[in-house]
Amino acid sequence: MSTRILPAVGDADAIRSITTLLSQLPDAEPVAPVVDSTQLIDTLARLAAESVDELPEVVVVHERIGPVPALELIREVALRFPAVGVILVTSDASPGLFQAAMDYGARGLVALPLSYEELASRVQAVAQWSIGVRRHLGTGGDVFTGVGGTVVTVCGAKGGVGTTLTAIQLALAAQASGRATALVDMDLQSGDIASFLDVQFRRSVVDLAAVTDISPRVLADAVFRHDTGVALLLAPAEGERGEDVTDRATRQIISALRSRYEVVVVDCGAQLSGAGAAAVEMADTALLVTTPDVIAVRGAKRAVRMWDRLQIRKAEETTIVVNRHSRATEIQPPLIQKITGTSVAATTVPAHYKELQSVVDAGRVHELEAKSTVKQALWGLAGELGLVKSAEGAPKAGRSRGDRGAVSFRRRKEAGG
């Protein structure tokens, strides 16, 4: 049986040397390499959504892969795709790095410059381990395929455009439809989810920032179970403590959440920190909320361009949500789409603040009446995004990460098979 091997290598020279050597291994089926961490996760998620059997047995990660550092990328692959064995290729073969790679979830380490014997030995051992894991998991319908929950980030083009309200209502809609949902306040300096939902809780996302291995018990201790059923991971009460939440910690926290919840909604606020950027980069769907006015739309355009420059997310992978929309406004969604270069959600949120004022002032946004046109629009948006069960199978707004033209690893049919 052939072993499917996916190289994740960013350097052109390294790609040539690794793929050439992999092609010489017995029973090896190397596939087209991916060139960055985002493409690797996208490709694996796409294949896992079809079947665990579609995943490659071995992923070879080069030490200079980016933008996510190699060890953090290995951790994410290990958490989300436990049936895939990862080998780290590195010029540092010290015992310290070997131990670190194992701690992060790698199944093997190969030193540079590559040798045929060492690479063949590691690939064979890791492939056998992967096959054993898949045999243990079986092929039943309840097998964890590694995709995990859907992560949606909600950012604001500027302050006051309705980012937090949008995030809360999306989470409420998903939970009400029967999906286990977590709502994360990643607006670390000025998060308001606790105020909007009248919650007082001593723990926050900061309590997870220094945890190396977030177990289910540790995660359960950090979240607050709201009356609506939504699991809340709140921003710290002291804004300065938000600096403790690094981009590395954010990736680990979101990976832990998506492995335990069907939907994870992350409120990133209007000022994107390193933690918020990491969340947007990991998200299946990234929303950017704006209002139909010149200042907000300019802010949205700046945010989209910045994300592209920093390789956080491309414009076509971002979806604009237009809040406080009215047919009387001069700036309409098609114009916003043209200005920003993003997709725009078909569902717009009407400008009816009077419906919201009493529940916002009382900190009881979850009690917004069902007849509210704002609530109806935001819950409709949740359906458009595929966050509610009744909308499964409906086309999602915008272009998600998994839509990229990832390669297929379907097994080649054996002659006469």
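None of the values given here were measured: they were computed from a predicted structure.

*Asks:* How would you summarise the pattern of salt bridges if you had to cite specific residues and measurements?
*Replies:* Inspection of the entire model under this criterion finds 11 salt bridges. With a closest N to O distance of 3.8 Å, aspartate 11 and arginine 64 form a salt bridge. Of this pair, aspartate 11 sits in the loop between β1 (3–8) and α1 (12–23) while arginine 64 sits in the loop between β3 (58–62) and α3 (70–80), and the two are 53 residues apart along the sequence. On the basis of relative accessibility, which here comes to 27%, the residue aspartate 11 falls in the partly exposed class. Judged by relative accessible area, arginine 64 falls into the exposed class, the value being 51%. The partner of arginine 16 in a salt bridge is aspartate 13, with the nearest N and O atoms 2.2 Å apart. Here arginine 16 and its partner aspartate 13 are both found in helix α1, three residues apart, which amounts to about one turn of the helix. Salt bridges linked by common partners bring Glu72, Asp247, Arg251 and Glu281 together as one network.

*Asks:* I'd like a description of the packing of α3 against helix α4 (residues 95–104), backed by residues and values.
*Replies:* As a packed pair, α3 and α4 sit with axes 8 Å apart at the nearest point and diverge in direction by 30 degrees. Judged by the inter-axis angle, α3 sits roughly parallel to α4. Residue-level contacts link Leu71, Glu72, Ile74, Arg75 and Ala78 of α3 to Leu97, Ala100, Ala101 and Tyr104 of α4.

*Asks:* Account for the sheet that holds strand β13 (residues 343–344), with residues named and values stated.
*Replies:* Hydrogen bonding along the main chain pairs the strands of a sheet, whether they run parallel or antiparallel. Across the sheet, which stays open at both edges, the eight strands sit in the order β8-β9-β7-β10-β6-β11-β12-β13 with mixed pairing between neighbours. Each of the sheet's edge strands pairs with one partner strand only, and the pair in question is β8 (224–225) and β13. With respect to the sheet, helix α10 (residues 247–258) is in contact with β6 (150–156), β7 (181–185), β9 (231–233) and β10 (263–269), its orientation differing from that of β10 by roughly 150 degrees. Packed on one face of the sheet, helix α11 (residues 274–282) meets β6, β10 and β11 (285–290) and runs near 140 degrees to β10.

Thresholds, definitions, all that
Residues numbered from 1 in each chain as written. Predicted model: local features only at pLDDT ≥ 70, side-chain atom pairs only at ≥ 80, totals over all residues. Heavy atoms only, no water. Salt bridge = Lys/Arg side-chain N within 4 Å of Asp/Glu carboxyl O. Helix = DSSP H or I, 4+ residues; strand = E, 2+ residues; numbered from the N terminus. Buried < 20%, exposed > 50% of the residue type's maximum accessible area, 1.4 Å probe, protein only. Axes fitted to C-alpha atoms, helices over the stretch in contact; angles between N-to-C directions. Parallel < 35°, antiparallel > 145°, perpendicular 65-115°, else oblique. Contact = heavy atoms within 4.5 Å. Pairing = 2+ DSSP bridges.

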